[in-house]
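Remarks on the overall topology
Each chain, written out:
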Amino acid sequence: MTLLQLTSLSKRYGAVAALDGVNLSVAAGSRTAIVGPSGCGKTTLLRLVAGFDEPDGGTIAFDGEMLADASGQVPAHKRGIGIVAQDGCLFPHLTIAQNIGFGMEAERRVKEAKAAELMDMVGLDRAMLSRKPDQLSGGQQQRVALARALARSPRLMLLDEPFSALDTGLRTATRKAVTEVLTAAGITTLLVTHDQAEALAFADQVAVMRAGRFAQVGSPREVYSRPVDPVTAAFLGEAIVLPATIAGGRAESPLGLLPVDDASRQGRAEIMLRPEQISVFQTGEGASGTITEINFCGPTTDVRIALGGEGAFSFRLDMPSRETFLPGDRVRIGVTGTAHVFR
Ligand SMILES: Nc1ncnc2c1ncn2[C@@H]1O[C@H](COP(=O)(O)OP(=O)(O)O)[C@@H](O)[C@H]1O
Ligand SMILES: [Mg+2]
């Protein structure tokens, strides 16, 4: 069942088309990630869904109800949609308990009990309820912001880069905790992020956004393995893009003859491999290349490999550091799986 449906949604700020015809279906109980570079329109999209801003065109339908169209708007507080912003936006002068209870219509005792329950849910010690936000770490504040949004029992949760202010380890742990809470509560979630790994790990549907539009919407595997174009490919991770000539389901490329994922294609095309498909050996089968640059990074070594022949095509690769290569070393390059052909 579709819970949220966005159709031809658009929003301009002066000359800037922040949203330029966005379509999206979000299934009930699912997790969707919207990923794109800074300024591409992610926050604008969430603000329209939350009801903080009005679209210039298009419609927002939610749970069988029209929230926004040419005839009007359902106000934000009547939408049943929760939102957690980048910096949490807790009220600094209120305690954690007061922050969570803010806007909750209930007696004080009921509010306090609910706040305590929500603290358990987001994995925070109830003893923190009497503290002020500045007495909590960044990750703890984000969990409180989530608890506050959960207090209103939303049917949809909007998360706007909620982990971006946290450092790497804490970020992964907080993301996992938040995911578990939302899944346990069965709340449909829309996460906005500029971090592709976060989007791929979090979601069952990923929408890749660029300049106010969705370049591609699909499962994490689909968008990663079968991106629509080289820009989308590069945004989602390291991509080795090669010129090729395709015939009979195989591509003639600088890395040799490779099977492709689109058997119907013929003629010249661009193909893509992900780095995990590439193995580098001192000797053996495969295309030959030369190591031209090496940058040791601990567990992995970042190398640049030039392929022989005219045109001198080169690509970079993060390799496990268990083997030591030196600039000038001749290597063999093996490829696993199929190459993706861009449309
Ligand atoms: N209130 C506003 N007034 C003018 N321009 C805005 C406003 N909000 C956003 N924009 C512009 O719209 C574009 C999209 O912004 P935003 O949705 O915040 O991007 P993102 O969240 O992806 O970084 C940007 O070019 C931004 O400068
Ligand atoms: Mg933003």
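Predicted, not measured: the structure shown is a model, and the values here were computed from it.

Entries for the chain in the domain assignment read domain 1 (2–230) and domain 2 (239–341). Its C-alpha centre places domain 1 at a distance of 39 Å from the equivalent point of domain 2. Tallying the contact residues gives five residues for domain 1 and six residues for domain 2. Together, the buried faces of domain 1 and domain 2 total about 550 Å²; carbon and sulfur atoms form 49% of this surface. The interface formed by domain 1 and domain 2 contains one salt bridge. Between D261 and R226 there is a salt bridge, and its shortest N-O distance comes to 3.5 Å. Taken together, domain 1 and domain 2 are joined by four residue pairs in polar contact (both at pLDDT 80 or more). A class-by-class count of the residues in the side of domain 1 that touches domain 2 yields three nonpolar, one polar and one charged.

Turning our eyes to something else, we now look at the pairing of strand β2 (residues 16–27). Bridging between strand β1 (residues 2–13) and β2 involves nine bridges; their strand directions are antiparallel. Within the sheet, the bridge partner assigned to R12 lies in β2 and is A17. In textbook terms, the turn of a hairpin is the stretch between consecutive antiparallel strands, and for β1 and β2 this stretch comprises two residues, one of which, G14, has a positive phi near 60°.

Lining the immediate surroundings of ligand 1 are Y13, V16, A18, P37, S38, G39, C40, G41, K42, T43 and T44. A distance of 3.2 Å separates an oxygen atom of ligand 1 from a polar atom in the backbone of C40. A distance of 3.1 Å is found between an oxygen atom of ligand 1 and a backbone nitrogen or oxygen belonging to G41. Elements supplying a minimum of two residues to the shell around ligand 1: β2 and α1 (42–50). In terms of residue count, the dominant contributor to the shell around ligand 1 is α1 (three residues). Each residue belonging to the shell around ligand 1 can be placed in one class, and the counts come to five nonpolar, five polar and one charged.

Quick notes on the rules
- Residues numbered from 1 in each chain as written.
- Chains lettered and ligands numbered in written order.
- Predicted model: local features only at pLDDT ≥ 70, side-chain atom pairs only at ≥ 80, totals over all residues.
- Heavy atoms only, no water.
- Domains from an automatic or database assignment.
- Contact = heavy atoms within 4.5 Å.
- Buried area = accessible area lost by both parts, 1.4 Å probe.
- Salt bridge = Lys/Arg side-chain N within 4 Å of Asp/Glu carboxyl O.
- Polar contact = N/O pair within 3.5 Å; in protein donor to acceptor, adjacent residues only side chain to side chain.
- Nonpolar A, V, L, I, M, F, W, Y, C, P; charged D, E, K, R; others polar.
- Pairing = 2+ DSSP bridges.
- Helix = DSSP H or I, 4+ residues; strand = E, 2+ residues; numbered from the N terminus.
- Near = heavy atom within 4 Å.

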